[in-house]
Amino acid sequence: MEAPPVTVMPVTGGTINMMEYLLQGSVLDQALESLLHRLRGLCDNMEPETFTDHELVYLLKGQQGNPFILRARRSLSHPTAPWHLRYLGQPEVGDKSRHALVRNCVDVAASHTLPEFLNEMGFRLDHEFVATGHIFRKGALKVVVSKLSRILVPGNTENTERLSLSYLVELSVLASAGQDNVSEDMRSFAEQLKPLVHLEKIDPSKQRH
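Residues numbered from 1 in each chain as written. Predicted model: local features only at pLDDT ≥ 70, side-chain atom pairs only at ≥ 80, totals over all residues. Heavy atoms only, no water.

Re the overall build of the chain
Logical step 1: On a plain count of helices and strands, the chain comes out with three helices and nine strands.
Logical step 2: Secondary structure elements in the chain, listed N-terminal to C-terminal, are β-α-β-β-β-β-α-β-β-β-β-α.
Logical step 3: Expressed as a percentage of the 209 residues in the chain, the buried residues total 44%.
Logical step 4: Contacts spanning at least 24 positions in sequence make up 70% of the contacts within the chain whose residues lie at least 6 apart. (Helix = DSSP H or I, 4+ residues; strand = E, 2+ residues; numbered from the N terminus. Buried < 20%, exposed > 50% of the residue type's maximum accessible area, 1.4 Å probe, protein only. Contact = heavy atoms within 4.5 Å.)

Listed below in structure tokens is the structure:
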């Protein structure tokens, strides 16, 4: 069975190698406008960005253990923009009292021949999807609200089907290793979004069912 996307952070920015602090939740379609209204009041005084991205998830299976996963992502709204290649590490075990999931994040810009390069390197396309949504910012905090759609015909981003009747909500911060104080800031921000959405520390490995 296809693994669901671990994260759907849009192709903005170009951070090379950082730690990602992450909280996730979801909101039903009918509650979307209320959540967007709340986020406009809480976040920086600017209109949220919108995005429509196409993500391809590639696997490279080794002799043993879990496959190596890379994510290639491109903007459908800005076709001439560079592709982005992202690697997301395993969540750190660390301090159980930490409020957010923490993992290594490597994100680099790439040319439009990225899919061909990954195929030549031996990676296999596992699944692809389209993510459409909004990006809000408050200082270093980033909130992404997105609708995910499966692609019915491989490579055809015009032929899609929505995965659910809800929107994925992700609160994240990119920071250097050891800055665990940001997870406290995230917890405080997440509290202000209740009861519209409950953001939690979710282990991505437990989503692969």
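Brief notes about empty space enclosed by the protein
Logical step 1: Under the criterion given, the structure shown has one cavity of 30 Å³ or more.
Logical step 2: Here the largest cavity is characterised by a volume of approximately 50 Å³. (1 Å grid on protein atoms, 1.4 Å probe; cavity = no way out; pocket = protein on both sides within 12 Å on 5 of 7 lines; lining within 4 Å. Points joined across faces, edges and corners; volume = space filled by probe spheres on them.)

Digging into the nonpolar core
Looking at soluble globular proteins, one finds that nonpolar side chains tend to be buried together.
Logical step 1: Counting 28 residues, the largest nonpolar core has Tyr-21, Leu-39, Leu-171 and Phe-189 as its most contacted members.
Logical step 2: Contributions of two or more residues to this core are made by β1 (17-28), α1 (32-42), β7 (141-151), β9 (166-175) and α3 (181-191). (Core = buried A, V, L, I, M, F, W, Y, C linked by side-chain atoms within 4.5 Å.)

A word on the pairing of strand β3 (residues 68-75)
Logical step 1: By the criterion of burial, β3 is predominantly enclosed, with six of the eight residues buried.
Logical step 2: Inspection of the sheet shows strand β2 (residues 49-60) paired to β3 by eight bridges, in the antiparallel sense. Pairing of Leu-59 across the sheet is with Ile-69, part of β3.
Logical step 3: Where β3 and strand β4 (residues 83-88) come together, three bridges link them in antiparallel fashion. Bridge assignment links Ala-72 to a residue of β4, and that residue is Leu-85. (Pairing = 2+ DSSP bridges.)

Overview of the confidence of the model for the chain
Logical step 1: Summary statistics for the chain give a mean pLDDT of 88 and a share of 88% for residues scoring 70 or more.
Logical step 2: In the model, residues 1-6 has pLDDT below 50 throughout and makes 23 contacts with residues more than four positions away in sequence or in other chains. (pLDDT = per-residue confidence, 0-100.)

Considering α3
Logical step 1: Of all the residues in α3, the buried ones are Val-182, Ser-183, Met-186, Phe-189 and Ala-190. For α3, the arc enclosing every buried residue in end-on projection is 120 degrees, short of the 170-degree limit, so these residues lie on one face. (Arc of directions from axis to C-beta.)

Notes on the side chain of His-54
Logical step 1: Within the fold, His-54 resides in strand β2.
Logical step 2: There is a polar contact of 2.7 Å between the side chain of His-54 and the side chain of Glu-128.
Logical step 3: For His-54, the residues in contact, after removing those within four places along its chain, are Ala-72, Arg-73, Arg-74, Leu-76, Glu-128, Phe-129, Ile-151 and Thr-157. (Polar contact = N/O pair within 3.5 Å; in protein donor to acceptor, adjacent residues only side chain to side chain.)

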